[in-house]
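Chain by chain, the residues run as shown.
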Amino acid sequence: FQNYQETLKAWRSAKKRLYALAVAGKMMQTDPSADKSAVAMISLMTIEKTKEVEFLRSQLALMLITAKMEDPTLPGIEREEIIKSAW
């Protein structure tokens, strides 16, 4: 259960960072004075963070589905987000 909690915490954190990267990237793309190499770097970081989020989500789905784990503190919306992508 501790591994599950750590993975859930990492997934939530990675999702927040992905959102922040996406917002920063969009803002920089519309700014004509933005350094194009910085925009490209943020785009690359966004791709990497997307992969991390998906990897963590798949680990959580595996834990929830195969162990038939029930976490009463996990909101239903998050549980659905984790599991629905697994199918």
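Everything below is about the structure shown above.
Note that this is a predicted model, so its numbers are computed, not measured.

### Overview of the overall build of the protein chain
No. 1: Looking only at helices and strands, the protein chain has three helices and zero strands in total.
No. 2: Over its C-alpha trace the protein chain gives a radius of gyration of 16 Å, far above what one expects of a compact globule, namely 12 Å for 87 residues.
No. 3: Each of the three principal axes of the protein chain carries a C-alpha extent, and together these read 50 × 25 × 20 Å.
No. 4: The buried share among the 87 residues of the protein chain stands at 30%.
No. 5: Put simply, 67% of the contacts in the protein chain that link residues at least 6 apart link residues at least 24 apart.
No. 6: For the protein chain, the accessible area works out to roughly 6,200 Å², and carbon and sulfur atoms hold 62% of it.
No. 7: In the protein chain, 13 side chains carry a positive charge and 11 a negative one; their mean positions are 1 Å apart.

### Observations regarding the packing of aromatic side chains
No. 1: Counted by the stated rule, this structure contains one aromatic pair.
No. 2: Pairing Phe1 with Tyr4 gives two aromatic rings, centres 5.6 Å apart and planes at 35°, and the pair type is tilted.

### Examining the pattern of salt bridges
No. 1: Evaluated as defined, the whole model comprises five salt bridges.
No. 2: When the shortest N-O distance is used, the salt bridge between Glu81 and Lys15 registers 3.0 Å. Of this pair, Glu81 sits in helix 3 (residues 76–84) while Lys15 sits in helix 1 (residues 2–30), placing them 66 residues apart in sequence.
No. 3: A relative accessible area of 29% places Glu81 in the partly exposed class.

### As for the packing of helix 2 (residues 36–66) against helix 3
The angle between the axes and the distance between the axes are what describe a pair of packed helices.
No. 1: It is the contact of helix 2 with helix 3, at a shortest axis distance of 8 Å, that shows an interaxial angle of 100°. Classified by the interaxial angle, the pair formed by helix 2 and helix 3 is roughly perpendicular. Contacts between helix 2 and helix 3 involve Arg57, Leu60, Ala61, Leu64 and Ile65 on the former and, on the latter, Arg79, Glu81, Ile82 and Ile83.
No. 2: Its residues assigned to classes, the contact of helix 2 with helix 3 comprises six nonpolar, no polar and three charged.

### Remarks on the environment of Arg79
No. 1: Mapped onto the secondary structure, Arg79 falls in helix 3.
No. 2: Through-space distance from the C-alpha of Arg79 to that of Ala61 is 8.5 Å; in sequence the pair is 18 residues apart.
No. 3: Not counting residues within four places of it along the chain, the set of residues in contact with Arg79 comprises Leu64, Met69, Glu70 and Leu74.

The rules behind each value
Residues numbered from 1 in each chain as written. Predicted model: local features only at pLDDT ≥ 70, side-chain atom pairs only at ≥ 80, totals over all residues. Heavy atoms only, no water. Helix = DSSP H or I, 4+ residues; strand = E, 2+ residues; numbered from the N terminus. Rg over C-alpha atoms; globule rule 2.2 N^0.38 Å. Buried < 20%, exposed > 50% of the residue type's maximum accessible area, 1.4 Å probe, protein only. Contact = heavy atoms within 4.5 Å. Areas by Shrake-Rupley, 256 points an atom, 1.4 Å probe, with all protein chains shown as cover. Lys, Arg positive; Asp, Glu negative; His and termini not counted. Charge placed at Lys NZ, Arg CZ, Asp CG, Glu CD. Phe/Tyr/Trp six-rings, centres within 6.5 Å; stacked < 30°, edge-to-face > 60°. Salt bridge = Lys/Arg side-chain N within 4 Å of Asp/Glu carboxyl O. Axes fitted to C-alpha atoms, helices over the stretch in contact; angles between N-to-C directions. Parallel < 35°, antiparallel > 145°, perpendicular 65-115°, else oblique. Nonpolar A, V, L, I, M, F, W, Y, C, P; charged D, E, K, R; others polar.

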